[in-house]
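Working through the structure, step by step
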Amino acid sequence: MDSSPTPLRIASRRILIGGGTEPFRTVPGILTIEGAWITGFEPLDDNTVFSEDTLDMGDKWITPSFVNAHTHIALGVMRGMDVESASAGNMVEEVFFRFESKCTKDDVLAFARVGAYACLMNGVGHIWDHYYYGDAVAQAMKEVGLTGVVAPTLQDLAGPGKDMWVDSLSATQSIFSDLNYASAGIFAALGPHATDTVSAA
């Protein structure tokens, strides 16, 4: 059985292209998208006849999404919290570590789903995430359609993940070697947390 995604064709008179050495400009065209990848581009003119499988966006812009190069999508659940009143001065240990030490893998999956939707709703299509239960973060990203790199948090000296670094390393390897994640545009990176929570070894 073929599990490859059905190609999606999207037409617009305003597709933003360029970058690098080329100036940005808009051109009319039809994009072919398969899974997380743009696999084709055809020029569009007044004589183009759309096939049944083409979604015509008219004059609406089609642009690359934003990239968030450092995020923790599961922490979006804390948005709006009064951090000053919750901490006597050490926000990381007194607020985040305290909250994260009580989170289960199912909590992270649920919170990450909401955070992934929030990314897409704000034009972010690709992220670099570093968090506990990285496999749950990757699962949420895949379910929602967000692409990116997940670095499951590695800690062995201190922090909420200090007793699960072996599982976090295993999750890193699992995401890295999973072809279903790769085809969805989700990859893994090694994620040591910080010098005060990770030993030299």
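Residues numbered from 1 in each chain as written. Predicted model: local features only at pLDDT ≥ 70, side-chain atom pairs only at ≥ 80, totals over all residues. Heavy atoms only, no water.

1. Description of the overall build of the protein chain
Summing up its helical and strand segments, the protein chain has 6 helices and 10 strands in all. Along the three orthogonal principal directions, the C-alpha set of the protein chain runs to about 65 × 45 × 35 Å. Expressed as a percentage of the 201 residues in the protein chain, the buried residues total 33%. Taking all contacts inside the protein chain whose residues are at least 6 apart in sequence as the whole, residues at least 24 apart take part in 60%. Carbon and sulfur atoms make up 57% of the accessible area of the protein chain, which amounts to about 12200 Å² in all. Counting 12 positive and 25 negative side-chain charges, the protein chain places the centres of these two groups 4 Å from one another. (Helix = DSSP H or I, 4+ residues; strand = E, 2+ residues; numbered from the N terminus. Buried < 20%, exposed > 50% of the residue type's maximum accessible area, 1.4 Å probe, protein only. Contact = heavy atoms within 4.5 Å. Areas by Shrake-Rupley, 256 points an atom, 1.4 Å probe, with all protein chains shown as cover. Lys, Arg positive; Asp, Glu negative; His and termini not counted. Charge placed at Lys NZ, Arg CZ, Asp CG, Glu CD.)

2. Quick look at the nonpolar core
Within the largest apolar cluster, 29 residues are counted, with the highest numbers of intra-cluster contacts made by Ile73, Val108, Ile127, Tyr131, Val137, Met141 and Val150. At the level of elements, helix H2 (91–100), helix H3 (105–121), strand E7 (124–131), helix H4 (134–144) and strand E9 (186–188) are the ones that each hand at least two residues to this core. The biggest single contributor to this core is H4, with 6 residues. Residues within four places of methionine 141 in sequence aside, it is in contact with Ile73, Ile127, Leu146, Thr147, Gly148, Val149, Val150 and Ile186. (Core = buried A, V, L, I, M, F, W, Y, C linked by side-chain atoms within 4.5 Å.)

3. Structural notes on the pattern of salt bridges
One pass over the full model with this rule turns up 7 salt bridges. The residue arginine 113 makes a salt bridge to glutamate 143 at a minimum N-O spacing of 2.5 Å. One end of the pair, arginine 113, is in helix H3; the other, glutamate 143, is in helix H4, with 30 residues separating them in the sequence. For aspartate 163, the salt bridge is made with lysine 162, and the minimal N-O distance between the two is 3.6 Å. Look at lysine 162 and you get partly exposed, because its relative accessible area is 33%. (Salt bridge = Lys/Arg side-chain N within 4 Å of Asp/Glu carboxyl O.)

4. Points about H4
Since there are 3.6 residues in each turn of an α-helix, residues three or four apart along the chain are aligned in direction. Along H4, the residues classified as buried are Gly134, Ala136, Val137, Ala138, Ala140, Met141 and Val144. Elements in contact with the buried residues of H4: H3, E7, strand E8 (147–154), helix H5 (165–177), helix H6 (179–183) and E9. Backbone geometry just after H4 places glycine 145 at a positive phi near 100°.

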